Amino acid sequence: MNSKYKFICDPQKRYDFVFLFDVRDGNPNGDPDAGNLPRVDPETMHGLITDVALKRKIRDYVALTRPQEPEYGIFIQSKVALNRLYLDVLYKGIEPPSAVVEEDEELLDFLEKERDEFDFDPETRLLRYIGEGTKIKDILEALKGETEINKDFEAKLKKIAETLASRIKNLPKVGREKREEVKQEMARLYFDIRMFGAVLTGGTNAGQVRGPVQLTFSRSVDPVLPLDLAITRKAVTKEADRRRKETEMARKPLIPYGLYRAHGFYNPFLAERTGVSKKDLELFWEALQYLFEFDRSASRGEMAVRGLFVFRHEDKKGNAPAHKLFELVKVRRQESVETPRSFADYMVATPPEGSLDGMGFAGVTLVRLV
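Residues numbered from 1 in each chain as written. Predicted model: local features only at pLDDT ≥ 70, side-chain atom pairs only at ≥ 80, totals over all residues. Heavy atoms only, no water.

### Quick notes on the overall build of the protein chain
Then step 1. Helices and strands together make up the secondary structure of the protein chain, namely 11 helices and 18 strands.
Then step 2. Over its C-alpha atoms the protein chain spans a radius of gyration of 26 Å, topping by over 25% the 21 Å that the globule rule assigns to 370 residues.
Then step 3. Its C-alpha atoms put the protein chain at 80 × 70 × 35 Å along the principal axes.
Then step 4. Sorting the 370 residues of the protein chain into buried and exposed places 46% on the buried side.
Then step 5. Sequence-distant contacts, at least 24 apart, represent 71% of the contacts inside the protein chain between residues at least 6 apart. (Helix = DSSP H or I, 4+ residues; strand = E, 2+ residues; numbered from the N terminus. Rg over C-alpha atoms; globule rule 2.2 N^0.38 Å. Buried < 20%, exposed > 50% of the residue type's maximum accessible area, 1.4 Å probe, protein only. Contact = heavy atoms within 4.5 Å.)

Structure, rendered in structure tokens:
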């Protein structure tokens with residue numbers, strides 16, 4: 001860990017930061033309500049990027065670079081249903097409700113199909129339920145899934161659901177103390193819960209974890225012009241179309257250029273609750289610095305981090321209002337430039353790196369990571 005990282009990796013300090021990045025000939029964050037065109041403020045035409053989009057990239061960076069470290073799991077992901085991750089922790093040390101399925105070839109074949117809320121061992125014919133439902137009808141619906149079945153087969157599944165529902169009643173009651181234990185364990189296992197927080201639900205509601213790191217929407221310094229370009233492919237999808245055409249058309253939304261600015265906040269009081277470590281903070285700053293290096297995509301064009309300015313407070317409660325510190329980082333277009341098309345068309349002015357005591361912000365130190 002270099003000296004700069006050491007200085008801004010104390011979880012007991014407060015940090016506010018300004019994050020600058022740009023995009024050239026790409027779509028940094030499509031709007032599904034506008035045909036996936038780049039998001040814009042319709043009144044000013046400044047570009048917008050959601051905080052969720054930036055957090056997704058941070059999560060992806062951590063998952064990519066720390067795949068073997070158990071405490072750096074990612075909770076918000078697509079491989080497993082979130083309720084299942086929650087229930088795995090809730091039922092840790094407790095055998096989940098289960099039922100031995102009768103020897104019925106049709107039934108066994110049906111249950112061997114993967115389902116998020118069930119674990120089935122075909123050798124022992126043991127079906128474990130780790131879903132959130134407690135009533136027979138909920139468990140039955142989870143068993144059926146999207147499959148259309150006849151009444152006789154549904155009766156077999158209902159019998160299993162009745163067995164599981166009766167055994168759920170015998171599970172120990174989950175009180176406030178157990179819910180708090182689950183929240184702490186989830187925060188220990190998942191980096192994004194420790195840093196960003198999460199809403200934990202499933203069977204029993206463990207409540208909300210408030211994360212110490214919060215990000216704003218990113219807004220472009222100048223207005224942007226979303227384009228929706230037509231592109232062609234020298235190939236056809238369907239055999240029936242091959243004789244009458246040689247290419248297919250598609251659309252590609254983008255902006256020619258945009259420099260974006262986001263603000264972020266780190267709250268040490270909330271960090272105590274989620275168990276943020278020095279290693280967590282180091283990884284967070286690292287992820288912001290290299291946010292786009294392993295997230296390349298033809299649709300996103302060229303994206304690059306252009307500035308990361310961190311204000312460190314000596315007082316845990318803060319030595320100055322965040323908005324006053326953000327005003328010290330000034331970004332403006334060069335006077336000779338009418339239409340910016342690169343980062344060189346802008347000027348970024350900040351105070352000298354180091355203590356800001358002489359500027360009236362006693363106890364605040366500026367660190368430039370980028």
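### Some remarks on the packing of helix α2 (residues 51-65) against helix α10 (residues 278-289)
Then step 1. Where α2 meets α10, the axes come as close as 9 Å, and the angle between the chain directions of the two elements is 110°. One way to sum up the angle between α2 and α10 is to call them roughly perpendicular. Facing α2, whose interface residues are I58, Y61, V62 and T65, α10 presents L283, F284, E286, A287 and L288.
Then step 2. Looking at the contact of α2 with α10 residue by residue, the class counts come to 7 nonpolar, 1 polar and 1 charged. (Axes fitted to C-alpha atoms, helices over the stretch in contact; angles between N-to-C directions. Parallel < 35°, antiparallel > 145°, perpendicular 65-115°, else oblique. Nonpolar A, V, L, I, M, F, W, Y, C, P; charged D, E, K, R; others polar.)

### Describing the nonpolar core
Then step 1. Counting residues in each nonpolar core, the largest one holds 42 residues, and the members touching the most others are F19, I58, F191, F284 and W285.
Then step 2. Looking at this core, the elements with two or more residues in it are β1 (14-26), α2, α8 (191-196), β10 (213-215), β13 (248-266), α10 and β14 (302-313).
Then step 3. Tallying contributions element by element places α10 first for this core, with 6 residues.
Then step 4. Formed by 21 residues, the second largest nonpolar core is a distinct cluster that contains L111, F118, A142 and A165. (Core = buried A, V, L, I, M, F, W, Y, C linked by side-chain atoms within 4.5 Å.)

### Remarks on the environment of I168
Then step 1. The residue I168 is located in helix α6 (residues 151-168) in this model.
Then step 2. C-alpha separation for the pair I168 and S98, spaced 70 residues apart in sequence, amounts to 8.9 Å.
Then step 3. The contacts of I168, once residues within four sequence positions are left out, are P97, Y129, G133, T134 and I139.

### Comments concerning the packing of aromatic side chains
Then step 1. In the structure shown here, the tally under the stated rule is 14 aromatic pairs.
Then step 2. The residue whose ring lies beneath R194 is Y72, and the NZ or CZ to ring-centre distance is 5.3 Å.
Then step 3. Lying across the ring of F7, R312 places its NZ or CZ 4.1 Å from the centre. (Phe/Tyr/Trp six-rings, centres within 6.5 Å; stacked < 30°, edge-to-face > 60°. Lys NZ or Arg CZ within 6 Å of the ring centre and 35° of its normal.)

### As for the packing of helix α3 (residues 82-90) against helix α7 (residues 176-189)
Then step 1. Contact geometry for α3 and α7: axes closest at 9 Å, N-to-C directions at 115°. Viewed along their axes, α3 and α7 form a crossing whose handedness is right-handed. From α3, L85, Y86, V89 and L90 reach across to α7, where they touch K178, V182, E185, M186 and L189.
Then step 2. Split by residue class, the contact of α3 with α7 holds 7 nonpolar, no polar and 2 charged. (Left-handed = near helix turned anticlockwise from the far one by under 90°.)

### Points about α7
Then step 1. Under the 1.5 Å per step criterion, the end-to-end length of α7 is 20 Å for 14 residues, consistent within 8% with the ideal 20 Å.
Then step 2. Buried residues along α7 sit in contact with α3, α8, β8 (197-200), β9 (207-210) and α9 (268-274). (Expected span 1.5 Å × (residues − 1).)

### Considerations on unusual backbone geometry
Then step 1. The backbone of M45 sits at a positive phi, close to 65°, despite the residue not being glycine.
Then step 2. Within the secondary structure, M45 is located in the loop between β3 (37-38) and β4 (46-49).
Then step 3. Here the phi dihedral of R125 falls at roughly 60°; this positive angle occurs in a residue that is not glycine.
Then step 4. Along the chain, R125 falls in the loop between β6 (118-121) and β7 (126-129).
Then step 5. The class of R125 is partly exposed, set by a relative accessible area of 23%.

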